[in-house]
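Residue-level structure breakdown
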Amino acid sequence: MPTTRKKPIVVVTRKLPDVIETRMMELFDTRLNLDDHPLTVEQLTEAVRTADVLVPTVTDRIDEALLAEAGENLKLIASFGAGVDHIDLKAAKEKGITVTNTPGVLAEDTADMAMALILAVYRRITEGERVLRDGEWHGWSPNWMLGRRIHGKRLGIIGMGRIGTALAKRARGFGLSVHYHNRHRVDADLENELEATYWESLDQMLARMDIVSVNCPHTPATYHILSARRLKLIQKHAIVINTARGELIDEKTLADLLLAGDIGGAGLDVYEREPNINPKLLRAKTAVLMPHMASATLEGRIDMGERVIINIKTFVDGHRPPDRVLEGLL
């Protein structure tokens, strides 16, 4: 008689789209998080002790202390998301645990949000909406709620990866002049297509832009890439957009500059200490604040889930998963 191979135990830390959870239940011995509350340290510890595969999200801190508790069967962390700054890659490697992510599937959605934030800040969209809802609108006036024209402004992109490139393509459609700073200069054909100007010096680029968008991954090297010093280089009328990670910006300094009127505005989807928000940011009328929803489309979440399933299935079948993350290569 043929033997049936035992299904791997897959622990999912947050609730995923129904179609993804259903497929995972069919393929694996899957343990779901039905109420969608972030797991406690104790629950995560139990998960790494029992799972063959852990499927965490950005809300889970998979650090060295947690991985030290991992059982011998845990061989794969298939993260639901592109960023892996919540996972200690060095500790995972030392434990012989492969880490995968879901790159590429969120570029268009995140670029949409970055462009939306540029529009919202420059044209004071959320301010106007609040005025209307609060019953404070008394009719049209020539000088009331004046924003700024986007066409012809300079956009400086920090990180010309998939998302930065997708944003640059949208920006060209709005008549923005595209500039960028990147660890490596992009291909000449792409640079020509975007009519993009490369800046080797981030400091020099910041001092000349009307809009600065942060689109690089969070790594030890990019922590506070917009430091207090660099934020003060930005022109007083310019705005800052962040749809990447909160840790990329010195949030306290940014809030102080916004309240003092020393920076034109900000559109933020991510924060340093999520879900806690700096109270000064909440008081800044020129800041448009979103609750980490740049990637929040049904299509994007399903695409992420499908990539997770492919990574798990490939690994379980004895092959190298397509989205394996290697320490030091981000």
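Residues numbered from 1 in each chain as written. Predicted model: local features only at pLDDT ≥ 70, side-chain atom pairs only at ≥ 80, totals over all residues. Heavy atoms only, no water.

1. As for the overall build of the protein
- If you tally the helices and strands in the protein, you get 13 helices and 12 strands.
- Projecting the C-alpha coordinates of the protein onto the three principal axes gives extents of approximately 85 × 50 × 35 Å.
- Among the 330 residues that make up the protein, the fraction classed as buried is 48%.
- Each charge class in the protein was averaged separately, 43 positive and 46 negative side chains, and the resulting centres sit 4 Å apart. (Helix = DSSP H or I, 4+ residues; strand = E, 2+ residues; numbered from the N terminus. Buried < 20%, exposed > 50% of the residue type's maximum accessible area, 1.4 Å probe, protein only. Lys, Arg positive; Asp, Glu negative; His and termini not counted. Charge placed at Lys NZ, Arg CZ, Asp CG, Glu CD.)

2. Digging into the layout of surface pockets
- Quantified by volume, the second largest pocket comes out at close to 250 Å³.
- As for the second largest pocket, its lining consists of Arg-123, Arg-124, Gly-128, Val-131, Leu-132, Trp-137, Trp-140, Ser-141, Trp-144, Met-145, Leu-146 and Gly-147. (1 Å grid on protein atoms, 1.4 Å probe; cavity = no way out; pocket = protein on both sides within 12 Å on 5 of 7 lines; lining within 4 Å. Points joined across faces, edges and corners; volume = space filled by probe spheres on them.)

3. Structural notes on the sheet that holds strand E12 (residues 287-289)
- Strand order across the open sheet formed by seven strands is E8-E7-E6-E9-E10-E11-E12, with parallel pairing between neighbours. The open sheet has two edge strands with one neighbour each: strand E8 (197-198) and E12.
- Its contacts with the sheet put helix H5 (residues 107-122) on strand E6 (154-158), strand E9 (211-214), strand E10 (239-242), strand E11 (265-268) and E12, and the angle it makes with E10 is roughly 150 degrees. (Pairing = 2+ DSSP bridges. Contact = heavy atoms within 4.5 Å. Axes fitted to C-alpha atoms, helices over the stretch in contact; angles between N-to-C directions.)

4. Here we look at the UniProt feature "domain: D-isomer specific 2-hydroxyacid dehydrogenase NAD-binding" (unreviewed entry) in the protein
- On the UniProt side, "domain: D-isomer specific 2-hydroxyacid dehydrogenase NAD-binding" (unreviewed entry) is annotated at positions that read residues 115-294 here.
- Annotated as residues 115-294, this span is 33% helix and 15% strand, and its ends, taken at the C-alpha atoms, are 10 Å apart. (UniProt positions renumbered as here; feature names shortened; annotations may be inferred.)

5. Remarks on helix H13 (residues 298-316)
- Counted at 1.5 Å a residue, the expected span for H13 with its 19 residues is 27 Å, and the 27 Å between its end C-alpha atoms agrees.
- Listed as buried for H13 are Gly-300, Met-304, Gly-305, Val-308, Ile-309, Asn-311, Ile-312 and Thr-314.
- In the segment just after H13, Gly-318 is the residue with positive phi, at about 90 degrees. (Expected span 1.5 Å × (residues − 1).)

6. Thoughts on the pairing of E6
- Here E6 lies mainly inside the structure; four of its five residues are buried.
- With helix H7 (residues 162-173) bridging E6 and its parallel neighbour strand E7 (residues 177-181), the resulting β-α-β unit is right-handed. (Right-handed = clockwise from strand over helix to strand, strands pointing away.)

7. What about the sheet that holds strand E2 (residues 29-31)?
- With parallel pairing, the five strands of this open sheet are ordered in space as E2-E1-E3-E4-E5. Edge positions in the sheet fall to E2 and strand E5 (98-100), since each has one partner strand and no second. Taking each pair of neighbouring strands and ignoring which way they run, the sheet shows an average axis angle of 20 degrees.
- Across three bridges, strand E1 (residues 9-12) lies against strand E3 (residues 53-55) in parallel orientation. For Val-10, the partnering residue across the bridge sits in E3 and is Val-53.

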